[in-house]
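Residue-level structure breakdown
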Amino acid sequence: MTVQATSPAGIDAVPLRHPWRWVGATAIIGLVGLFLYGAATNKAYGWPVYRKYLFDHRVSEAAWNTLQLTFWAMLLGLVLGVILAVMRLSPNPILKNVAWVYLWIFRGTPVYVQLVFWGLFPTLYQKIQLGIPFGPTFFHLDLRNLSISFILAIVGLGLNEAAYMAEIIRAGISSVPEGQLEASTALGMSWWMTMRRVVLPQAMRVIIPPTGNELISMLKTTSLVTAVPYTLELYTRTRDISAVIFQPIPLLLVAATWYLAITSVLMVGQYYLEKHFSRGISRTLTGKQLEALAKAQSGAKEGHI
Amino acid sequence: MTSAAARPMVEAQQVCKDFGALRVLKGVTLSVERGQVLVLVGPSGSGKSTFLRCINHLETVTAGRLYVDGSLIGYRERGDKLYEMSPRDAAKQRRDIGMVFQHFNLFPHRTTIDNIIEAPVHVKGVGKAAATDRARDLLNQVGLSDKAEAYPAQLSGGQQQRVAIARALAMDPKLMLFDEPTSALDPELVGEVLAVMKKLAGAGMTMIVVTHEMGFAREVADQLVFMDGGVIVESGAPRDVLSNPQHERTQAFLSKVM
């Protein structure tokens, strides 16, 4: 007897209806439509100005500068954050305490204040010299003669970010079960190798969602670097233009559109990263594995007939 | 001093372990000859797992001495003084001691085969191709040659534990420690893990096994040790201890588990 002959007919039930969802959706679409109509016909929004400046080369250049600020500051924050997190968790008391003091200072003061401070850095330290104290100098750099506000903006944002990233990464590392450390130790792995090969890859799953948040937040925090002062990023640039043409609303909308567009791209990237690092987490089999199992099953049945 | 080859594989002399003010091991003395299987039984909290973890220095011994293959675990002995070992040297000692855990502790982000080759490739520096060949061989030995590409979460508990045994064996240890290897398994999966362990014992591996499986102890062990309250209460050939326990604490324990 074959299995097919005895298997009952598939269930063909009437699906559950959700009338209130339709009512809710209709109401929301109606309200959004009204708002859009109002916005389109309201002259104060200045849509012609919006269209004119949306792809203005000064604005797109500013958007590029914003992206670069975000990228470099985040990279600095990430690298330093990993180092700080590993230091905080290391068995070495010196590293542990240095990391703690760093976090205490950089999380304990506003990022705006830090950015102003970095802007004043060349006033505090006019020259950078490399040499032996009270002895000969090998390297000399005069900070006052350089236009380094872009670098200082990155340093300011990155060092602040590192403190937050360190906590996110530490939470990720702590989320990895202790048994993983024991198994690695028992196999003869060093503490550092255990971190690199076993703990951090598993911590990534916990680290990535809040890091995506931080990245998006960083994109918007770049609007504060005017404190350094660095003025060529998106928000300050559009504000400068609007100050000249007396049209603040359309240029705010231009800036908002760019921020939203960049954030959308980042969210797509985050989705793929999360997918990559969730390897081996789910018991759910992939389509390929299910196919292979089904094939094995039908093969076994044919054998029985 | 006798040569290393003549000494037993594991020698514990008055091993004590404190956790803060709490003394968990109160002077454990035993020895395991090469190729012998020692089964350690006792109620939970008796210190048997702690003793096992001391052997590969996952825990540091507070007093007494522990030797594996003639070398002192965790310290260097020079004259009558002991020097704390560097993490690097301690890791080197652990390479030769395989350990299997109650909860398997496989690396969930790596496939079965990658779990097994991880330590040989990155700790011992074996070539990846050679390590993979050896890993397939080991998977075959534990009866899982078709699971090489599966992730641990896709395996049953018994299969995971067999992979964990293969992973430990991949380092070619001279001693294998089993910390309640079947306690987290469904009853119908216990047999497949014990079968692998029996095969291993038959092949001459020196083993120390903490378990509640008295049938396994009776059949495989050369020496059965009953621990309670951080001390060895009774030890001897498994048949004698199991069928004719001398101490009343042993009798009480065995009447509950058998």
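This write-up is about the structure you can find in this document.

1. A few points about the pattern of salt bridges
The tally for this structure, following the rule as stated, stands at 22 salt bridges over all chains. Taking the shortest distance from any N to any O, the salt bridge between B:E219 and B:K198 comes out at 3.5 Å. Linking B:E219 in helix α7 (residues 214-220) with B:K198 in helix α6 (residues 187-202), this pair joins segments that are 21 residues apart in sequence. Taking the relative accessible area as the measure of exposure, B:E219 reaches 57% and is therefore exposed. Overall, the relative accessible area of 32% leaves B:K198 in the partly exposed class. A network of salt bridges, in which partner residues are shared, links A:R88, A:R107, A:E167 and A:R170.

2. Side note on empty space enclosed by the protein
Following the criterion strictly, the structure yields 1 cavity of 30 Å³ or more and no others. Of the pockets and cavities examined, the largest cavity occupies roughly 60 Å³. Considering the residues around the largest cavity, the lining is formed by A:A183, A:A186, A:L187, B:I97, B:G98, B:M99, B:V100, B:F101, B:F104, B:A164, B:R167 and B:A168. Mapped onto the lining of the largest cavity, the elements with two or more residues apiece are α9 (178-186) of chain A together with β8 (97-100) and α5 (157-169) of chain B. Looking at the lining of the largest cavity element by element, the count peaks at 4 residues for β8(B). Counted by class, the lining of the largest cavity contains 10 nonpolar, 1 polar and 1 charged residues.

3. Observations concerning the sheet that holds strand β12 (residues 231-236) of chain B
Residue and element names in this part refer to chain B. The strand order across the open sheet built from 6 strands is β8-β9-β10-β3-β11-β12, with neighbouring strands paired in mixed fashion. The sheet is open, and its two borders are formed by β8 and β12, each paired with just one other strand. Neighbouring strand axes in the sheet, compared pairwise and without regard to direction, differ in orientation by 20° on average. Where strand β11 (residues 223-228) and β12 come together, 5 bridges link them in antiparallel fashion.

4. Notes on the pairing of strand β4 (residues 63-68) of chain B
Residues and elements named next belong to chain B. Examined bridge by bridge, strand β1 (residues 10-19) and β4 share 5 bridges and lie antiparallel to one another. Bridge assignment links A12 to a residue of β4, and that residue is L66. Sheet analysis places β4 next to strand β5 (residues 71-72), joined by 2 bridges and oriented antiparallel. Residue pairing in the sheet places Y67 in a bridge with L72 of β5. What sits between the antiparallel neighbours β4 and β5 is a turn of 2 residues, in which D69 has the positive phi angle 55°.

5. Quick notes on the layout of surface pockets
The computed volume of the largest pocket comes to approximately 930 Å³. Mapped by element, the contributors of at least two residues to the lining of the largest pocket are α9 and α10 (191-221) of chain A together with α2 (87-95) of chain B. When residues of the lining of the largest pocket are assigned to their parent elements, the largest contribution, 6 residues, is made by α2(B). Across the lining of the largest pocket, the residue classes tally to 12 nonpolar, 8 polar and 8 charged. Of the volumes computed, that of the second largest pocket is approximately 580 Å³. Lining the second largest pocket we find 23 residues, and of these A:M74, A:L78, A:T211, A:L215 and A:L273 sit closest to its centre. Only α4 (57-89), α10 and α12 (248-277) of chain A provide two or more residues apiece to the lining of the second largest pocket.

6. Overview of the packing of aromatic side chains
Overall, the coordinates contain 12 aromatic pairs over all chains when judged by the stated rule. Taking 5.6 Å as the distance between ring centres and 10° as the angle between the ring planes, the aromatic pair formed by A:Y45 and A:W47 counts as stacked. Residue classification places A:W47 among the partly exposed positions, given a relative accessible area of 25%. Measuring from ring centre to ring centre gives 5.3 Å for A:W118 and A:F121, while their planes differ by 40°; the resulting arrangement is tilted. In terms of burial, A:W118 and A:F121 fall into one category: buried. An aromatic cluster of at least three residues, connected via ring pairs, comprises A:F117, A:W118, A:F121 and A:Y125. A cation over an aromatic ring shows up here: B:R7 above the ring of B:Y67, its NZ or CZ 4.8 Å from the ring centre. Of note, B:R78 hangs over the ring of B:Y83, and the distance from its end group to the ring centre comes to 5.0 Å.

Cut-offs applied
- Residues numbered from 1 in each chain as written.
- Chains lettered and ligands numbered in written order.
- Predicted model: local features only at pLDDT ≥ 70, side-chain atom pairs only at ≥ 80, totals over all residues.
- Heavy atoms only, no water.
- Salt bridge = Lys/Arg side-chain N within 4 Å of Asp/Glu carboxyl O.
- Helix = DSSP H or I, 4+ residues; strand = E, 2+ residues; numbered from the N terminus.
- Buried < 20%, exposed > 50% of the residue type's maximum accessible area, 1.4 Å probe, protein only.
- 1 Å grid on protein atoms, 1.4 Å probe; cavity = no way out; pocket = protein on both sides within 12 Å on 5 of 7 lines; lining within 4 Å.
- Points joined across faces, edges and corners; volume = space filled by probe spheres on them.
- Nonpolar A, V, L, I, M, F, W, Y, C, P; charged D, E, K, R; others polar.
- Pairing = 2+ DSSP bridges.
- Axes fitted to C-alpha atoms, helices over the stretch in contact; angles between N-to-C directions.
- Phe/Tyr/Trp six-rings, centres within 6.5 Å; stacked < 30°, edge-to-face > 60°.
- Lys NZ or Arg CZ within 6 Å of the ring centre and 35° of its normal.

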